[in-house]
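So the chains spell out like this:
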Amino acid sequence: MEDILTRDSLNAQAYSRLCRDLKAGRFAPGEKLKLRDLAAEMGISPTPVREALARLISEQALEQVGHHSVRVPVMSEERFAEVRELRLMLEGQAAARAAQHAGSDDVKKLEAIHDRMAALREAGDTAGELLESERFHMAVYALARMPVLQRIVESLWLQCGPLMKALQTHVLGQPRKQHPHHMVMRGLRKRDAEVARRGIHDEIERTSAPILAYLRERSAEAPAQIVKPARPAARQIA
């Protein structure tokens, strides 16, 4: 039993670490991930890392090419448009539902997360800023009390994580006097579902412009070759 618990714990540790790195934009689209390098970095054996990679492949956050190669997918404009549409619909709905349940203490916790995010942005820590932004959003969506919806949203964030590198080199679209998070928190504070929804929509819209510019530049520089990912069993990941 102890061996099973240890294995499950290591699998969860590896999965959590890879999710965090994907959301923080550590890996670029098209980048190959080396199993043994990741395992050495985490200080664990390759087996739990292999299981975590297989899980992320099943969630479409990574893709397997051939029998032994795992990489970050290169998202097309069309795929990004689909993910963006789903995010607008699902995250907007989650924020609207959160407005029905959020209390003053919940909003204070969100304010603290946003303040940490702003401080990291000022310090030039882009990876830290992205992680705090993700923490803010997931905390909002947790207030909706819709766990199935939240899991779907988390999957979409995993797919978009590598594209966050675009925010380091491209100007955000539709500048605002205030960050959209403030509108979200105002909606929660006033229990105004539409204001909360609009805040989420504003943030997704303002980050879409630099991501689209990034995707178009990549497409122009090196036209993507269509590669059909294999779907082997987890044991085939080397």
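For every chain, the first residue of its written sequence is number 1, and the numbers climb from 1 along that sequence. Predicted model: local features are reported for residues with pLDDT of at least 70 only, side-chain atom pairs are reported and counted for 80 or more only, and whole-chain, interface and lining totals are derived from all residues. The basis for the side-chain values is all heavy atoms of the structure; hydrogens and waters are excluded.

Participant: Break down the overall build of the protein chain for me, citing the residues and quoting the values.
Facilitator: Per the convention used, a helix needs a DSSP run of H or I reaching at least four residues, while a strand needs a run of E reaching at least two, with both numbered from the N terminus. Per the secondary structure count, the protein chain includes ten helices and three strands. Listing the helices and strands of the protein chain from first to last along the sequence gives α-β-α-α-β-β-α-α-α-α-α-α-α. With 238 residues in all, the protein chain has 45% of them scored as buried. In what follows, a contact means two residues having at least one pair of non-hydrogen atoms within 4.5 Å. Partitioning the contacts of the protein chain with sequence separation of at least 6, the portion at a separation of at least 24 is 75%. For each residue, the accessible area found with a 1.4 Å probe, counting protein chains only, is set against the maximum for its type, and the residue is called buried under 20%, exposed over 50%, and partly exposed in between.

Participant: Describe in detail the sheet that holds strand β3 (residues 69–71), supporting the description with residues and values.
Facilitator: Here we have three strands laid out as an open sheet, ordered β1-β3-β2, and antiparallel in their pairing. Each having just a single partner strand, β1 (32–33) and β2 (63–65) make up the two edges of the open sheet. With two bridges joining them, β1 and β3 adopt antiparallel strand pairing. By the bridge assignment, Lys32 is partnered in β3 with Arg71. If DSSP finds at least two bridges between two strands, the strands pair.

Participant: Give a detailed account of the side chain of Asp21, specifying residues and quantitative values.
Facilitator: With respect to the secondary-structure elements, Asp21 resides in helix α1 (residues 2–23). In this structure the side chain of Asp21 is engaged in a polar contact, spanning 2.8 Å, whose partner is the side chain of Arg26. Discounting chain neighbours no more than four positions away, the residues touching Asp21 are Arg26, Phe27 and Glu41. In the analysis that follows, any N or O atom pair within 3.5 Å is treated as a polar contact, provided that within protein one partner can donate a hydrogen and the other can accept it, and provided that, for residues neighboring in sequence, both atoms belong to side chains.

Participant: Lay out the packing of helix α5 (residues 104–122) against helix α9 (residues 180–189) with the relevant residues and their values.
Facilitator: Whenever a helix is involved, its axis is fitted only over the stretch in contact; in every case the axis is a line through C-alpha atoms, and angles between N-to-C directions fall within 0 to 180 degrees. Contact pair α5 / α9: the axes reach a minimum separation of 10 Å and the direction vectors enclose 175°. Of the possible angle classes, the one that applies to α5 and α9 is roughly antiparallel. Contacts between α5 and α9 involve Val107, Leu110, Glu111, His114 and Met117 on the former and, on the latter, His181, His182, Met185, Leu188 and Arg189. For the contact of α5 with α9, the class distribution of residues is five nonpolar, three polar and two charged. Comment on the angle field: the value is read as roughly parallel under 35 degrees, roughly antiparallel over 145, roughly perpendicular from 65 to 115, and oblique elsewhere. Gly counts as polar in this scheme, as do all residues outside two lists: the nonpolar Ala, Val, Leu, Ile, Met, Phe, Trp, Tyr, Cys and Pro, and the charged Asp, Glu, Lys and Arg.

Participant: Residues and numbers for the pattern of salt bridges, please.
Facilitator: For side chains of opposite charge, pairing can occur when their charged atoms come near one another. Take a side-chain nitrogen of Lys or Arg and a carboxyl oxygen of Asp or Glu: if they are within 4 Å of each other, that pair is a salt bridge. Under the definition given, this model contains 16 salt bridges. Ionic pairing is found between Arg26 and Asp21, a salt bridge with its closest N-O pair at 2.8 Å. A residue is classified by how much of its surface remains accessible, and Asp21, at 7% relative accessible area, is buried. Across the pair Arg216 and Glu77 runs a salt bridge, and its minimum N-O distance is 3.1 Å. With a gap of 139 residues between them, Arg216 in helix α10 (residues 193–221) and Glu77 in helix α4 (residues 77–101) connect regions that are remote in the sequence. Using a relative accessible area of 46% as the deciding quantity, one classes Arg216 as partly exposed. Because the salt bridges share partners, they merge into one network encompassing Arg17, Arg20, Asp21, Arg26 and Glu41.

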